[in-house]
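# Reading the structure
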Amino acid sequence: MTIQRRALKICLERVQMNSYELIMKDIKATISKYLECKMIVNPLFAEKKCNDFSISSNHNQTGIQKDAKFSEVYQNICNQNDYLFMFNDGGVIQIDYKFYMKSISEACLIYYPCPNELMYDGYLDKMKTYIRLEYTEDRTQYSAVSHPKAHIHIGNYNDLRIGVKRVPTLSEFMELIMYLNYHEDWIKIKNVTSEDELIKMVEDIIRERKEMTVQGCLESYEEQFFSITL
């Protein structure tokens, strides 16, 4: 084994060994950041309810219930305080990380927009986009391209799955949610005065993410097929 490969192996082992701590620290920092920016309210995260095998919001169900109206699902989430925190407009975030042997075995991060717009036949018009990211190491639950072990759902009531290259932290997931659903606030939080400055900031963020990757997901051929990177 070359020195470079040995160093990479040690680095990856350290990342896996500290993935729980990295995620826990990131959750606290992300909640603090968006509270300070006045983007979120009512954070319900309780570290004492977590353990070495799980970091979670009050998250009892993954994914959309396709036999239920979105508004009903959303209302149940709010009634049960089944979320990590709420956006000012009523949208909510759920998270669920599972660990095995100090490595992430499952992950689910969800953004539920508030269904406060016109409804017809159980669907919503002119609303923000429901987004769910799922990851599992259970090989019986995925197939390489049609159902990759790490994938993102964009929009409710569909089977669209787009593979992602690695398990994201909450802060990375929030970057995606902010970029897609709260774009003006996303730019405002960046506090930049020009497009060039924004480009430089995004480049720096991408570089930092590569250095602190929690866990890669896809095989090499899958990485070539899919283009989304979180």
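Look a little higher up for the structure.
Residues numbered from 1 in each chain as written. Predicted model: local features only at pLDDT ≥ 70, side-chain atom pairs only at ≥ 80, totals over all residues. Heavy atoms only, no water.

The next thing to look at is the overall build of the protein chain. When its secondary structure is counted, the protein chain shows seven helices and twelve strands. Put simply, the protein chain has 230 residues, and 43% of those count as buried. Looking at the protein chain as shown, the accessible area adds up to about 13200 Å², and 51% of this sits on carbon and sulfur atoms. (Helix = DSSP H or I, 4+ residues; strand = E, 2+ residues; numbered from the N terminus. Buried < 20%, exposed > 50% of the residue type's maximum accessible area, 1.4 Å probe, protein only. Areas by Shrake-Rupley, 256 points an atom, 1.4 Å probe, with all protein chains shown as cover.)

What follows deals with the side chain of Asn 181. Residue position: Asn 181 is located in helix α4 (residues 170-181). Exposure remark for Asn 181: the relative accessible area of 11% places this residue in the buried category. Only 2.9 Å separates the side chain of Asn 181 from the backbone nitrogen of Thr 129, close enough to count as a polar contact. What Asn 181 contacts, discounting residues up to four positions off in sequence, is Tyr 111, Lys 128, Thr 129 and Ile 131. (Polar contact = N/O pair within 3.5 Å; in protein donor to acceptor, adjacent residues only side chain to side chain. Contact = heavy atoms within 4.5 Å.)

One finds Ile 55, Phe 85, Phe 87, Ile 93, Tyr 97 and Leu 170 to be the most contacted residues of the largest nonpolar core, which totals 39 residues. Here Phe 87 is in contact with Met 39, Ile 40, Val 41, Val 92, Ile 93, Tyr 111, Met 174, Ile 177, Met 178 and Tyr 182, once residues within four sequence places are set aside. Core analysis: the second largest hydrophobic core is formed by 14 residues, Phe 70, Val 73, Val 92 and Ile 110 among them. (Core = buried A, V, L, I, M, F, W, Y, C linked by side-chain atoms within 4.5 Å.)

Bringing the pattern of salt bridges into the picture now. Throughout the structure, instances matching the rule amount to six salt bridges. Lys 128 is paired through a salt bridge with Asp 89; the nearest N and O atoms lie 3.2 Å apart. One end of the pair, Lys 128, is in the loop between β7 (123-124) and β8 (131-136); the other, Asp 89, is in the loop between β3 (85-87) and β4 (92-100), and 39 residues separate them in sequence. In this structure Lys 128 comes out as partly exposed when scored by relative accessible area, which is 30%. Overall, Asp 89 belongs to the partly exposed group, its relative accessible area being 26%. The salt bridge partner of Asp 96 is Lys 98, with a shortest N-O separation of 2.7 Å. (Salt bridge = Lys/Arg side-chain N within 4 Å of Asp/Glu carboxyl O.)

The next thing to look at is the environment of Leu 35. Position of Leu 35 relative to the elements: it lies in helix α2 (residues 19-36). Assessed through its relative accessible area of 36%, Leu 35 is described here as partly exposed. In the structure, Leu 35 is positioned 50 residues away from Phe 85 in sequence and 9.8 Å away in space, judged by C-alpha atoms. Those residues in contact with Leu 35, other than ones at most four positions away along the chain, are Ile 40 and Pro 43.

The next thing to look at is the environment of Ile 162. Within the secondary structure, Ile 162 is located in strand β10 (residues 162-163). Take Ile 162: its relative accessible area is 24%, and that puts it in the partly exposed class. When the C-alpha atoms of Ile 162 and His 147 are compared, they prove to be 8.3 Å apart, with 15 residues separating the residues in sequence.

So, on to the state of the cysteines. Counted by the stated rule, this structure contains zero disulfides. With no disulfide partner, Cys 114 has as its closest neighbouring cysteine sulfur the one in Cys 78, 7.0 Å distant. You can call Cys 114 buried: its relative accessible area is 18%. (Disulfide = S-S within 2.5 Å.)

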